[in-house]
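If you want the building blocks of each chain, they are given just below.
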Amino acid sequence: MVQGKESGIPADYDLSLKWDACLDLATRRVVYSSLAGAFTGLLLLRSPVTRWASVAFGAGIGIGSAYSECSHKFGGSRSKWTGSTPESPPLSKVEE
């Protein structure tokens, strides 16, 4: 390996940087949302089964949000929520 030199690959096409960012993002989001689910389960739920369910739900939210963000980083399709709305023609004034 060449040390001290840039690879010459633009940041948009460097897959190793994108994978590193996605793995870091996924790890953080899964851990934080699982901890939030565990904390919520301890505060609000009594049964161990429902507590584990809240941890699993939190982990699922973390996995889903990480997957969505990583698909954007790799140039996947954009979500329907952020799409532009079609412009409507201007309304004409109604004369009375």
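Details of the structure are given in the entry above.
Criteria and cut-off values
Residues numbered from 1 in each chain as written. Predicted model: local features only at pLDDT ≥ 70, side-chain atom pairs only at ≥ 80, totals over all residues. Heavy atoms only, no water. Helix = DSSP H or I, 4+ residues; strand = E, 2+ residues; numbered from the N terminus. Buried < 20%, exposed > 50% of the residue type's maximum accessible area, 1.4 Å probe, protein only. Axes fitted to C-alpha atoms, helices over the stretch in contact; angles between N-to-C directions. Parallel < 35°, antiparallel > 145°, perpendicular 65-115°, else oblique. Left-handed = near helix turned anticlockwise from the far one by under 90°. Expected span 1.5 Å × (residues − 1). Contact = heavy atoms within 4.5 Å. Salt bridge = Lys/Arg side-chain N within 4 Å of Asp/Glu carboxyl O. Patch = residues over 30% accessible without salt bridge, like charges linked within 9 Å, V, L, I, M, F, W, Y side chains within 5 Å. Areas by Shrake-Rupley, 256 points an atom, 1.4 Å probe, with all protein chains shown as cover.

### Things to note about the environment of Ile-63
Thought 1: By the element assignment, Ile-63 lies in helix H2 (residues 48-73).
Thought 2: Spatially, the C-alpha atoms of Ile-63 and Ser-34 are 10.0 Å apart, while their sequence positions differ by 29 residues.

### Notes on the environment of Phe-39
Thought 1: Following the sequence through the fold, Phe-39 ends up in helix H1 (residues 15-44).
Thought 2: On the accessibility criterion, Phe-39 (54% relative accessible area) is exposed.

### Re the packing of H1 against H2
Thought 1: Contact pair H1 / H2: the axes reach a minimum separation of 7 Å and the direction vectors enclose 155°. It follows that H1 is roughly antiparallel to H2 by the angle criterion. Classified by chirality, the crossing of H2 by H1 is right-handed.

### A word on H1
Thought 1: For H1, with 30 residues, the first-to-last C-alpha span of 42 Å sits near the 44 Å given by 1.5 Å per residue.
Thought 2: Among all positions of H1, only Lys-18, Cys-22, Leu-25, Ser-33, Ser-34, Gly-37 and Gly-41 are buried.
Thought 3: Considering only its buried residues, H1 is in contact with H2.

### Quick notes on the pattern of salt bridges
Thought 1: Summed over all chains, the structure comprises one salt bridge.
Thought 2: Notably, a salt bridge pairs Asp-24 with Arg-28, separated by 3.2 Å at the nearest N-O pair. Here the residue Asp-24 and the residue Arg-28 both occupy positions in helix H1, the gap between them amounting to four residues, near one helical turn.
Thought 3: By relative accessible area, which is 37% here, Arg-28 ends up partly exposed.

### Some words on a nonpolar patch on the surface
Thought 1: A contiguous nonpolar surface patch, about 410 Å² in accessible area, is contributed by Leu-15, Trp-19, Leu-23 and Phe-74.
Thought 2: Mapping Leu-23 onto the fold places it in helix H1.

### Observations concerning the environment of Tyr-67
Thought 1: Among the secondary structure elements, Tyr-67 is positioned in helix H2.
Thought 2: The sequence separation of Tyr-67 and Ala-26 amounts to 41 residues, and the corresponding C-alpha distance is 7.5 Å.

### Here we look at H2
Thought 1: Between its terminal C-alpha atoms H2 stretches 37 Å, which fits the 38 Å expected from 26 residues at 1.5 Å a residue.
Thought 2: Listed in full, the buried residues belonging to H2 are Ser-54, Gly-58, Ala-59, Gly-62, Ala-66 and Cys-70.

Without other data, these values stay purely geometric and don't point to any function.
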